[in-house]
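Each chain is listed here by its residues.
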Amino acid sequence: MKQSKHAVASSLVSLTCGLLFGLGLAVSGMTDPGKVILFLNLAGHWDPALLFVLGGAVSVSLIGTRWILRQPAPVFAHQFFLPKEKHIDRKLLSGALIFGIGWGISGYCPGPAIAALASPNWETWIFLPSMLLGMALARSLKTARHKQVLCNP
Amino acid sequence: MTTLTIFSALGGGVLIGAAAMLLLWLNGRIAGISNIAGHLFHAQAFERRWRALFLLGLVAGAAAYYALGGSAPLAREHFSPWLLALGGLFVGFGTALCNGCTSGHGVCGLGRLSKRSLAATLIFLLTGIATAVIVHQLLGVAP
């Protein structure tokens, strides 16, 4: 019984957190890729908005995370699901580099590209399928390399 | 930049941070959009559910803001669909390879003081800036 109550509560939490996140993206203007490019293009009419958005979000996250991770477990789950990888490897560096290039070209990162489905901007109907294709390509590459390592250690 | 846009940028950022913290505190999950979206289709059923709900909320949150009179961005007039497709491919490939994006590495990772996330964030900010300057300033593609 307790388990199913938790399942309902955690589902509501997921929906609500997505809602707040999407609201934050829209309020801050980050669902507008033109505004993102005005930040990234330092040589143009520079718009520092993204810096304030990231600053606000990271401040909350810095304070919140310290307190949250001192708790024994999350309220509606038995454990915190944190990334296990600790080392800075080539995959991390090259992935971030490629992501930055795509971001600088288009002005979209994944969150705003999905939230933009709510706006009349059709661009994301081209961007999103391409992004999902890119993710699938990277995953199949990772699996292939993983198999290679397993076969030829 | 006006005082109003500074406040809306900061306020929006605080909302994003608060959403990420609530998700971590209550459900123990990282609000990294590339991971939530990337594992939506191939994860197990109980993993699919919260991801789908979060993404539904993400769209609904932006929709609510536009419905309440917030200005909704339109498509850029002279932006090439090919550049959108290329950008999407790079963003998808890159975020899946480095396991995170602006939210996962930027907001959540920096808050956790993760070295991996700090490295990733510095790199995608730098290459993002360099690419935007080259493509949109030097080559003159309309932003």
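Predicted, not measured: the structure shown is a model, and the values here were computed from it. (Residues numbered from 1 in each chain as written. Chains lettered and ligands numbered in written order. Predicted model: local features only at pLDDT ≥ 70, side-chain atom pairs only at ≥ 80, totals over all residues. Heavy atoms only, no water.)

**Notes on the overall build of chain A**
Rules: Only DSSP runs of H or I covering at least 4 residues are called helices, and only runs of E covering at least 2 are called strands; the numbering of each starts at the N terminus. Atoms counted for the radius of gyration: C-alpha only. Globule rule: 2.2 Å times residue count to the power 0.38. Throughout, exposure labels follow a simple rule: accessible area from a 1.4 Å probe, protein chains only, divided by the maximum for the residue type, with under 20% read as buried, over 50% as exposed, and the rest as partly exposed. Here, two residues are considered to be in contact whenever any of their heavy atoms come within 4.5 Å of each other.
Check the secondary structure of chain A and you find 6 helices and 0 strands. Against the 2.2 N^0.38 benchmark of 15 Å for 153 residues, chain A shows a C-alpha radius of gyration of 19 Å, more extended than a compact globule. Taken along the three principal axes of its C-alpha coordinates, chain A extends 55 × 50 × 30 Å. When each of the 153 residues of chain A is scored for burial, the buried share is 46%. Residue pairs at least 24 apart in sequence account for 41% of intrachain contacts in chain A once pairs closer than 6 positions are excluded.

**Observations regarding the interface of chain B and chain A**
What counts, and what does not: What counts as buried area is the accessible surface, traced by a 1.4 Å probe, that two parts surrender upon association, with contributions from both included. By convention in these notes, a salt bridge is any Lys or Arg side-chain nitrogen within 4 Å of a carboxyl oxygen on Asp or Glu.
The interface of chain B with chain A comprises 97 residues on the first partner and 102 residues on the second. Summing both partners gives a buried area of about 9,100 Å² for chain B against chain A, and 78% of it is carried by carbon and sulfur. Counting the surface chain B buries against chain A, the share from its top three residues, Trp25(B), Leu97(B) and Arg116(B), is 8%. Viewed at the interface, chain A and chain B are joined by 3 salt bridges. A salt bridge links Glu123(A) to Arg76(B); the shortest N-O distance between them is 2.8 Å.

**A few points about the nonpolar core**
In plain terms, the rule: For our purposes a nonpolar core is just a set of buried Ala, Val, Leu, Ile, Met, Phe, Trp, Tyr and Cys residues, chained together by side-chain atoms within 4.5 Å.
Grouped together as the largest cluster of nonpolar side chains are 66 residues, with contacts concentrated most on Phe21(A), Trp103(A), Ile33(B), Phe54(B), Leu55(B) and Leu58(B). The greatest single-element share of this core, amounting to 8 residues, is contributed by helix α1 (residues 3-27) of chain B. Here Leu58(B) is in contact with Gly18(A), Leu19(A), Phe21(A), Gly22(A), Leu25(A), Gly111(A), Ile114(A), Ala115(A) and Ile33(B), once residues within four sequence places are set aside. Counting 5 residues, the second-largest nonpolar core is a separate cluster that includes Leu92(A), Ala96(A), Cys98(B) and Ala119(B).

**Brief notes about the confidence of the model for chain A**
What counts is decided by this rule: pLDDT runs from 0 to 100 and stands for how confident the predictor is about each residue.
Confidence in the prediction for chain A averages 93 pLDDT; 95% of positions are at 70 or higher. Predicted confidence in chain A is weakest over helix α6 (residues 124-151) of chain A, with a mean pLDDT of 89, and strongest over helix α5 (residues 110-115) of chain A, with 98.

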